[in-house]
Amino acid sequence: MSLATTDVEFKHLLNPLQIGDLNLKNRIFMAPMTRSRAGTERVPNELMATYYAQRASAGLIISEATSISKQAIGWLNTPGIFNDAQVEGWKTVVSKVHQEQCPMYLQLWHCGRASHSSFQDGGVLPVSASALKIENDQIHTPLGKLPYEVPRAIETSEIAGIVADYKAAAERAKQAGFDGVEIHGANGYLIDQFLQSKTNQRQDQYGGSVENRLCFLKEVLEAVLTVWPANRVAVRLSPNGRYNDMGSDDYQETFLAAAKLLDGYKLAYLHIMDGTGFGAPENGPPMTLQDFRAVYSGTLIGNVGYTPETAEKAITSGLADAIAFGRPFITNPDLVARVQHGWPLNISEDMSTWYAFDAHGYTDYPVYHE
Ligand SMILES: Cc1cc2nc3c(=O)[nH]c(=O)nc-3n(C[C@H](O)[C@H](O)[C@H](O)COP(=O)(O)O)c2cc1C
C-alpha cells in the first residue's frame, strides 16, 4: 500500500537546521531503531553500514540503541560500544554515512530490568533502580522467549561504576567518529526506570523526590559532558509511553522537572516522544510539545506517529525544531526525496523483519521511481 503525500509545501521541514557547529541539511531526523543485525558478537557490520547509508539523506541519523556495557545488554544481536571491535565496526558505518554528508549520533543504552540473566555474565540477575519486574510480558533471550525476572536493585555504591560505563561508551563513540551522542532516557530502560516513581522506590539519594529520581540522569549526563561538548549531547525522553510496563501517576511533574533540569545544559537537543502511538498515560492527558516548549528553551525534537504534513505543522508553529521519523524510514530509505518531490510514501509494514537478522526487510526496500 502507498500513501500519496499532499501538495503541502514542506518548506520548514526541508529547511536546514543549525545545532551548535553542525549544519543539518533538513529537519527530518532518522529516529533510533533497534534492528538486531549486529550478530552475536554485537559488532556493527557492512550490512548495517549499507542500511544507514541508504537513509543518509536525513538531516541527522540517530543510531539504534547501543549497549554501553555487557551488563546493559537486553536484546538479541544488538550492537555494543564497549570493546575495540565494536568501535572499528561503527567506524565503517559512520564513514559510509559521512560520505553522504549526513551526521550521525550514537544512542547510548542500558536496558536495566528489560534484560534477563541469560544475557548477563555469570547468569546473574539484571539490575534496576528497584527490585520490580516488568509484568505481563516476555523477553526474547538466548534461551528463547521467557518471562521477565525480578531484577536486583542497584546498590548505591555501584552507581558510580555504571556512570563510568556511560562515560567510557561516550569516549568510544568519539573514537568511532560519531558526531554526538543521544542518551537513551526513554521507553522504560534504565534511566527511565530511575526517573519514574513506578519503577524507582529507592530510599537513598537516587529515589523518593522527583529531584532525587533525576540524579541518575544528571550524573550520566555530566559524565558524558566531560567527553563531548554540550552541543553534541542529546537526551531522549518518553513522557507518555507505557512500553516496558511504564507509566507513573506523577508523569507530568516528573518529565517537566526533567526538561527544566536539561534546559540548563544547552544540549544539542531534547528528543521527546510526544505521540501516543506507543501507548498513552492512563491517568491524564498525554504530554505535548507545547508542555515542553513552555519549560525548555533549546532545540526540541518531536517523534511518534508524525507524517510529513503534521511534522511541517509542528515546525511551522514553532513547537518543534525538527521531527524524528522511525517506521517511515524503515520502508522509505529515500524518505527525504519523497517529501521533496511529493512522491508517495511506502507504508507497507512488515513487523516480522523489524528484528530479523538479515538483509530482507532491512536493506531491500526500494527507492521511488517515477
Ligand atoms: C523497529 C523499531 C525499533 C526501535 N528501536 C528503538 C531504539 O533502539 N531506541 C529508541 O529510543 N526507540 C526505538 N524505537 C522507537 C522509535 O525511535 C520511534 O520512537 C517510534 O518508531 C515512533 O516513531 P514513528 O511513529 O515515526 O515510527 C523503535 C521503533 C521501532 C519500530
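Relevant structure appears above.
Residues numbered from 1 in each chain as written. Predicted model: local features only at pLDDT ≥ 70, side-chain atom pairs only at ≥ 80, totals over all residues. Heavy atoms only, no water.

J.: So what about the overall build of the chain? Which residues, and what values?
T.: For the chain, the count of helices and strands is eleven helices and 16 strands. Whereas a compact globule of 370 residues would reach a radius of gyration of roughly 21 Å, the chain reaches 19 Å, a difference of no more than 12%. Each of the three principal axes of the chain carries a C-alpha extent, and together these read 60 × 45 × 40 Å. In the chain, buried positions account for 56% of the 370 residues. Sequence separation of at least 24 residues holds for 75% of the intrachain contacts in the chain that already meet a minimum separation of 6. Within the structure as shown, the chain displays about 14300 Å² of accessible surface, and the carbon and sulfur contribution to it stands at 52%. (Helix = DSSP H or I, 4+ residues; strand = E, 2+ residues; numbered from the N terminus. Rg over C-alpha atoms; globule rule 2.2 N^0.38 Å. Buried < 20%, exposed > 50% of the residue type's maximum accessible area, 1.4 Å probe, protein only. Contact = heavy atoms within 4.5 Å. Areas by Shrake-Rupley, 256 points an atom, 1.4 Å probe, with all protein chains shown as cover.)

J.: Now, about the site of the ligand: what can you tell me, with residues and values included?
T.: The environment of the ligand is formed by 20 residues, the closest being Thr 34, Arg 236, Asn 303, Gly 305 and Arg 327. One of the side-chain N or O atoms of Arg 236 is found 2.7 Å from an oxygen atom in the ligand. Separating an oxygen atom of the ligand from a backbone N or O atom of Gly 326 is a distance of 2.8 Å. Within the complex, the protein chains bury 96% of what would otherwise be the 600 Å² of accessible surface of the ligand. The residue inventory of the shell around the ligand, partitioned by class, reads eleven nonpolar, seven polar and two charged. (Near = heavy atom within 4 Å. Polar contact = N/O pair within 3.5 Å; in protein donor to acceptor, adjacent residues only side chain to side chain. Nonpolar A, V, L, I, M, F, W, Y, C, P; charged D, E, K, R; others polar.)

J.: Would you mind going over the sheet that holds strand S12 (residues 233-237) in detail, with residue names and values included?
T.: Read around the closed barrel, eight strands run S4-S5-S6-S11-S12-S13-S14-S15, paired in parallel fashion. In this sheet, adjacent strand axes meet at a mean angle of 25° when their direction is disregarded. On top of the sheet, helix H1 (residues 46-54) reaches strand S4 (28-30), strand S5 (60-67) and strand S6 (104-109); it is set at about 150° to S5, its chief contact. Along the sheet face, helix H7 (residues 251-263) touches S12 and strand S13 (269-273) and points at about 175° away from the line of S12. (Pairing = 2+ DSSP bridges. Axes fitted to C-alpha atoms, helices over the stretch in contact; angles between N-to-C directions.)

J.: I'd like to hear about empty space enclosed by the protein, residue by residue, with values.
T.: With the rule as written, the count across this model stands at one cavity of 30 Å³ or more. In this model, the largest cavity occupies a volume close to 40 Å³. Along the walls of the largest cavity sit Asn 187, Ser 238, Asn 240, Gly 241, Met 273, Gly 275, Phe 278, Gly 279 and Val 304, which together make up its complete lining. (1 Å grid on protein atoms, 1.4 Å probe; cavity = no way out; pocket = protein on both sides within 12 Å on 5 of 7 lines; lining within 4 Å. Points joined across faces, edges and corners; volume = space filled by probe spheres on them.)

J.: Can you explain unusual backbone geometry? Please cite residues and give values.
T.: For residues that are not glycine, phi is negative in most cases, and the peptide bond is trans in most cases. Positioned with a positive phi, Asn 77 is a non-glycine residue whose angle comes to about 60°. With relative accessibility at 14%, the residue Asn 77 sits in the buried group. The phi dihedral of Gln 101 falls on the positive side, at around 60°, and the residue is not glycine. For Gln 101, the position within the fold is in the loop between helix H2 (84-99) and S6.

J.: Please set out helix H6 (residues 215-224) residue by residue, giving values where relevant.
T.: Inspection of H6 places Phe 216, Leu 217, Val 220, Leu 221, Ala 223 and Val 224 among the buried residues, and these make up the whole buried set. Taken end-on, H6 shows its buried residues confined to a sector of 160°, consistent with a single buried face. (Arc of directions from axis to C-beta.)

J.: How would you explain the nonpolar core if you had to name every residue and give the values?
T.: Residues Trp 90, Leu 108, Ile 183, Phe 216 and Val 224 are the most contacted members of the largest nonpolar core, which totals 88 residues. Considering each element in turn, this core owes the most residues, seven residues, to helix H3 (residues 159-175). Setting aside chain neighbours within four positions, we find Phe 216 in contact with Ile 159, Ile 162, Val 163, Tyr 166, Leu 190, Ile 191, Phe 194 and Tyr 206. By size, the runner-up hydrophobic cluster in this structure holds 15 residues, among which are Ile 19, Phe 29, Tyr 269 and Ala 324. (Core = buried A, V, L, I, M, F, W, Y, C linked by side-chain atoms within 4.5 Å.)

J.: Quick one: what's the story with the layout of surface pockets, residue by residue and with numbers?
T.: Its volume calculated, the second largest pocket comes out at about 160 Å³. Lining the second largest pocket, in full, are Thr 40, Glu 41, Arg 42, Val 43, Lys 70, Ile 73, Phe 82, Asn 83, Phe 119, Gln 120 and Asp 121. Here the residues of the lining of the second largest pocket sort into four nonpolar, three polar and four charged.

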